[in-house]
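# Secondary and tertiary structure notes
Here's the letter readout for the chains.
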Amino acid sequence: MNSLKQNWKVYSMEAICLGLFMISASLFGTLLEYPDSPVHRAIGNDFVRTVMMGLAMGLTATFIIYSPMGRLSGAHMNPAVSFTFVRLGKMKMTDAIYYAVFQIGGGILAVLLMKVLLGSAFENEHVNYVITAPGKYGVLPAFLMEVVIAFGMMTMVLITSNHATLSKYTGAIAGLFVMSYVIISGPVSGFGMNPARTLASAVPAMQYPSLWIYLTAPFI
């Protein structure tokens, strides 16, 4: 409780950060994939829409990381990142637990808000609360993809953030990674890489397709 009293503002920033990410994912996911959306009608090519989604989410991630909220909390937005820092001795376990709770809570509240604002378009099967689920290749490729992209992202963060020249560009590089991952991993695994992001969609939707993948692969 002392940690909560002392650091609630920092924890709250994690809730806001992932909340903003989920608001963006929900909005652009609906605009691009809802069949009656004017954007979807104007862009008939699936790959082009995927690229646009990647660009939108990459820019969103970059904005959040460099925002005052992101700078205050470190913009983890991901329990796997927070607990990795615990393992490395750079974060207390208590703080990581609160980070995870606030990340999940902020993400869920954001998706519930977007459900109210977007209505049936957000619930449409082509948008479906922007849940993460294995693609047409199946469960095993989805699991392996989630392990690979999480490994790549964390490796990048550890290298760049400890480099004298690259450290100030870590957020921008992370945004590029997010953009690339949406395009590459989206059709395979739905681009989870983040247990809090997956739960943020799964809980309001009450759909948990292959949830074990998204709760284990990022930590691995």
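Scroll up to find the structure.
This write-up is about the structure you can find in this document. Small disclaimer: the values here were computed from a predicted structure and weren't measured.

Our next topic: the overall build of the protein chain. A count of helical and extended segments in the protein chain gives 11 helices and 0 strands. Taken against the 2.2 N^0.38 rule, which gives 17 Å for 220 residues, the C-alpha radius of gyration of the protein chain at 17 Å falls within 12% of a compact globule. Taken along the three principal axes of its C-alpha coordinates, the protein chain extends 50 × 35 × 30 Å. Taking all 220 residues of the protein chain together, the buried fraction comes to 47%. When contacts within the protein chain are restricted to residue pairs at least 6 apart in sequence, those whose partners lie at least 24 apart make up 74%. Considering the protein chain, the positive charge centre built from 12 side chains and the negative charge centre built from 8 side chains are found 14 Å apart.

Under the criterion given, the structure shown has 3 salt bridges. Residue glutamate 33 is joined to arginine 49 by a salt bridge in which the shortest nitrogen-to-oxygen separation is 3.3 Å. On the criterion of sequence distance, the pair formed by glutamate 33 in helix α1 (residues 2-33) and arginine 49 in helix α3 (residues 46-66) is long-range, its members being 16 residues apart. Looking at glutamate 33, the relative accessible area reads 25%, which means it is partly exposed.

A separate point is helix α5 (residues 79-87). The complete set of buried residues in α5 reads Pro79, Ala80, Val81, Ser82, Phe85 and Val86. In this structure, the buried side of α5 is in contact with α6 (93-118), α8 (139-161) and α10 (195-205). Sitting at the head of α5, asparagine 78 places a side-chain oxygen 2.9 Å from the backbone nitrogen of alanine 80. Where α5 ends, the next residue or the one after it, glycine 89, has phi of about 75°, a positive value.

A few words on the environment of leucine 113. Mapped onto the secondary structure, leucine 113 falls in helix α6. Accessibility expressed as a relative area gives 41% for leucine 113, which makes it partly exposed. As a C-alpha pair, leucine 113 and leucine 199 span 86 residues in sequence and 15 Å in three-dimensional space.

Definitions and limits used
- Residues numbered from 1 in each chain as written.
- Predicted model: local features only at pLDDT ≥ 70, side-chain atom pairs only at ≥ 80, totals over all residues.
- Heavy atoms only, no water.
- Helix = DSSP H or I, 4+ residues; strand = E, 2+ residues; numbered from the N terminus.
- Rg over C-alpha atoms; globule rule 2.2 N^0.38 Å.
- Buried < 20%, exposed > 50% of the residue type's maximum accessible area, 1.4 Å probe, protein only.
- Contact = heavy atoms within 4.5 Å.
- Lys, Arg positive; Asp, Glu negative; His and termini not counted.
- Charge placed at Lys NZ, Arg CZ, Asp CG, Glu CD.
- Salt bridge = Lys/Arg side-chain N within 4 Å of Asp/Glu carboxyl O.
- Polar contact = N/O pair within 3.5 Å; in protein donor to acceptor, adjacent residues only side chain to side chain.

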